[in-house]
Each structure stands twice: as C-alpha cells, then as structure tokens.
Amino acid sequence: MKKKLTVQKKTGIMSTAITLIVVLCLIVVNVIASAFTEKYPVKIDLTSNKAFELSEDSIKYISDLDKDITITVMNTRDSFARGGEYYEQAITVVEQYAKYNDNITLEFIDLMANPTYASEHADLSISVNDILVACGENTQKLTAYDLFNIQQSWYGGSITSSNAEQAMTGAIMNVTSEEKTKVTFLTGHEENENINLEDLLEKNNFEVNSIMLQAEAIPEDTEILIAIAPLRDYTEEDIEKLDSFMMEASEKNKTMLYFASAEQPELPVLEGWLEKWGLSVPRVMVAETDQNRVISNNAYFGIADIDDFLVTEHMTNTDIPLTMPFARPVEMLFTSNMGYNTGSLLAYSESAGIIDEDVNSVEDIVQEGPISVAAKSTYNQDGVNAMLCVFGSDMILNEQFLNSSSLANMEYFLSFFNTVADRENVFSIAPKVLGGGSFTLTQGQVLLYTVMLVIVLPIAVLAVGITIWIKRRRS
C-alpha cells in the first residue's frame, strides 16, 4: 500500500513549489525589464534637490522657444560622464533640453577623433568637454568653470556644486535674446576689478564693458554703472560725467552701484558727490555682537537683513542669509530733499554696533542697530529716472560668498540687476549639491549642535541603558 502524504509533507511540497514559481517569475520579470530598459533607458531622479532634472521655470521657458538651437558637447557622452559624478549630473541635465523642445538639437563631437573641428572654430578656443550653445549667428561657449562651482586649494580645484542648469538656461537666453542691458564698469582710479561679478552678469544676458573714466565718455546706451572700491579720488571732470549720465532725461532708468571698502582713503570729491544724493559712508566699521547672526565666529561677518524687497522680487527664498563682511555703515543724510529720496537696502540687526578708534575689542561695542550697510537714493523728476545704490563693502561680491549655496549673495544680486533692468522672463536657479555638500552655520547653531551631540545625546543613551539594566535586574 502506498503511504499517504502527511499534511506536513503536503505543506512542505506546496511551499517549495510556490517558492520555485515566485523565483522563476522574478527571473522572467528581471530579464524582460533588462531588455526593455536597454532599449528604452529609464532614469529616476531620487536626489532630494532633483539635481538631475530641470526646474519648472527652465522647462516652461524652454518649451516656449520657437528658434532653432544647437547644443554641441566637445566629447562623447560616455567620456564626458567619466569625469565624475558632477559631470554625469551635468550631461544628464544638458540632455533634458532637447527632450522638452524639438527645436533644440543635441550633438556630441569627439575632438580626439575630429581634431580639425577645433581649428575650424579657432576663434572659440575649444577644448575637450566644452559645450557650445548656438542660435543663428550667436554662439556661447561653456567650460567646466561655467558648469560647476570650483574651490581652489594648494592641492588643486575641487567641485563643490553644479551650475549646469543655470549656465545652460542662461546661455540659451543669451544666444536667443535680441536686446541686452549694457553694464559699464568704471576703471582708472585703482578700482577693485571683480571678474566674478562680470562673469555673473555676462552669463545672465547682460552686455558688460569697462571704460577709463578720465579718458573716455560713458557709452550712451549704458543703463547701469558700477564702481568698485576706487582708491584714488575722482576729479571734477569725472563727476561731471557721472552727473551727465545720471541726470539725463531718458525713457530707460539709469542706475549706478558704488561699493566702498575698508581699505579706501578719504575721497573728498567722490564722497561729496554721494552726499549730494543724501548718502554717506563714514570711515568706521560695523560689527555684530549677536553670535547667532555671525558666520565663522567673526563679528565682522554679520548677516545683513533685506530692508527693500522691491529689488528682491526675483529671489526664490529671501530667508536664506546674506552676508556683507567688513562693512562700513551707509548713512542716509535725509529722507527726501529737492527730488532725492533715500532708503535702506540692507542692514545689520539691532545687536550691531560701530567699531572706531575708541573701541578696543568686540566686548566694548555699544549696540546701536539696526545699522544700514547698503542704501539707495532715487531721483525722479523732469523725465529723469535715476538711482544711486551704495554698498558698505565690496566683500559682498567675494567669489566664496557668491558661489556659496548656503548664502543668498548671488541670488540677491541677480534679482537686483534683473529688477533694475526691468526684466520679466527671469528666474533664479540654485546651485545643485550632490551628496552631503556643505552649509554655513552661525555660531549659535554650532553651539546648539555641539550641546545636542556632545551632551544631550550621550546622556539620553546612558539614561536608556541604565533604565533597561535596572528593569532586567529586577526581573
């Protein structure tokens, strides 16, 4: 007689059969999925900041373009991506542009296999991994320094964040735009040449040039003048040129930005002209006494609050801190006088104070804030629409602060210039950090995290351990 299978054996056989069927199904699904994704690649961006995707603003802008645009990458796709995780992120972002608009063509050219291509475009000085964005006769070249924020050290450069989307969208705006706002930098008085600001403006569709004020006239089509920390005083002839520019009746607004610095000597002629506009920059320093409002535990690296939100309408987040280190105060000599009207742009908090020859240390500072460290004066009469903006420190334009993803310095000035230029179709794209990245902490935050990690957390772990030990001992 055949032995009947016990219930236990039947259950075991059934379980084994089900397991084999499930495993077989998984294998079949995996094979089908592999074949499908090989033919139709599927990528899912799981990063918290969607670093591998375009922002909604870029997608909307790209989708509405009706001009033919060609994006040419000077390498093969695989070779470009082998540059590292940031290069993989950048090329993935670049590929998105052709995806959202059929008028955009993406092509890869291997310069190693096509060496004549570089010689045929010698005027562009093309190198491996450069990206060309072209529309009609307009072409803009992007290099690694445009695509990434690179921090230099004794050991070389390292990428800290990606500007791929900002650079690409800005380049497309540049080559498709028919008009550009002209920005003129003033030289000839030992000004601080700020390449970072010039590059930032050029990448965002501004036409940038410079003149030696003593020898050249201010170009008639200039809309924005910039003077950064001159060390030699202006002449009366220089002031006449400034007056002619600022007080000319025009449909377009005329704006001048003046950046002071702690190293400047007395400049009586230039400072007298600023005072006519109701603004003065005393030869003292502003310091912050509240440790929760300083960076790097330095009283001179205070956080500046935004007082005028009219120039920040294009900022995505005005809560991100903005710093203006080693700032001199900017005093408003009057509120309104003979057509001139003044107002504060940026200010240190109520806990800020002044450091002069009578102050020997931070502990001696008398709190007398808020203290303005940037202010404006406007004149709107008889067809004249002019604005003078004075900043108490040129350090606000420092490369480290402009490129920091945890500070709002770059976004503030992009919004400032776009607002002054009366642009409508503009938006800000924050740098994308892969991995942990870095962020800036105030001294108060450092103290808080130190207490939590060094004191509170160990005590909590110890308390839990003791509680469990006592319970087990009693049981």
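Scroll up to find the structure.
These numbers were taken from a predicted model, which means no experiment stands behind them.

Reading the values: rules and limits
Residues numbered from 1 in each chain as written. Predicted model: local features only at pLDDT ≥ 70, side-chain atom pairs only at ≥ 80, totals over all residues. Heavy atoms only, no water. Helix = DSSP H or I, 4+ residues; strand = E, 2+ residues; numbered from the N terminus. Buried < 20%, exposed > 50% of the residue type's maximum accessible area, 1.4 Å probe, protein only. Areas by Shrake-Rupley, 256 points an atom, 1.4 Å probe, with all protein chains shown as cover. Pairing = 2+ DSSP bridges. Axes fitted to C-alpha atoms, helices over the stretch in contact; angles between N-to-C directions. Contact = heavy atoms within 4.5 Å. Patch = residues over 30% accessible without salt bridge, like charges linked within 9 Å, V, L, I, M, F, W, Y side chains within 5 Å. Salt bridge = Lys/Arg side-chain N within 4 Å of Asp/Glu carboxyl O. Parallel < 35°, antiparallel > 145°, perpendicular 65-115°, else oblique. Left-handed = near helix turned anticlockwise from the far one by under 90°. Nonpolar A, V, L, I, M, F, W, Y, C, P; charged D, E, K, R; others polar.

Enquirer: Honestly, the overall build of the protein in this entry has me stumped. Any pointers?
Expert: A count of helical and extended segments in the protein gives 13 helices and 21 strands. For the protein, with 475 residues in total, the buried portion stands at 45%. Of the accessible surface of the protein, which amounts to about 25900 Å², a share of 54% is contributed by carbon and sulfur atoms.

Enquirer: Please explain the pairing of strand 21 (residues 384–391) as it appears in this structure.
Expert: Two faces, one strand: in a regular strand the side chains alternate between the faces of the sheet. The element strand 21 is largely enclosed, with a buried count of 7 among its 8 residues. Where strand 20 (residues 371–381) meets strand 21, 8 bridges bridge the pair, whose relative direction is antiparallel. Across the sheet, the residue bridging to Gln-381 is Val-384, located in strand 21. Between strand 20 and strand 21, which pair antiparallel one after the other, the connecting turn spans 2 residues, and Asp-382 there sits at a positive phi close to 55°.

Enquirer: What is the right way to look at the sheet that holds strand 1 (residues 69–73) in this model?
Expert: Hydrogen bonds between backbone atoms are what pair the strands of a sheet, whose relative direction is either parallel or antiparallel. Spatially, 2-1-3-4 is the arrangement adopted by the 4 strands of the open sheet, whose pairing is mixed. The sheet is open, and its two edges are formed by strand 2 (104–108) and strand 4 (138–142), each paired on a single side. The mean angle between the axes of side-by-side strands here comes to 15°, regardless of whether they run parallel or antiparallel. As defined by bridge partners, strand 1 adjoins strand 2 across 5 bridges and the pair is classed as parallel. By the bridge assignment, Ile-71 is partnered in strand 2 with Leu-106. Contacts between helix 4 (residues 85–100) and the sheet are confined to strand 1, strand 2 and strand 3 (131–135), with strand 2 contributing the most and set at about 140° to the helix.

Enquirer: Please clarify how a nonpolar patch on the surface should be interpreted in this entry.
Expert: The grouping of Leu-448, Val-451, Met-452, Leu-453, Val-454, Ile-455, Val-456, Leu-457, Ile-459 and Val-461 at the surface amounts to a nonpolar patch, some 910 Å² of accessible area in total. Within the secondary structure, Val-451 sits in helix 13 (residues 443–474).

Enquirer: What is the right way to read the packing of helix 9 (residues 236–246) against helix 10 (residues 268–276) from this model?
Expert: For any two helices packed against each other, the geometry comes down to the angle between their axes and how far apart the axes lie. Two elements in contact, helix 9 and helix 10, have axes separated by 10 Å at closest approach and are oriented at 30°. It follows from the interaxial angle that helix 9 and helix 10 lie roughly parallel. For the pair helix 9 and helix 10, the crossing hand works out as right-handed. Where helix 9 approaches helix 10, its residues Glu-236, Ile-239, Leu-242, Asp-243 and Met-246 are matched on the opposing element by Val-269, Leu-270, Trp-273 and Lys-276. Across the contact of helix 9 with helix 10, the residue classes tally to 6 nonpolar, no polar and 3 charged.

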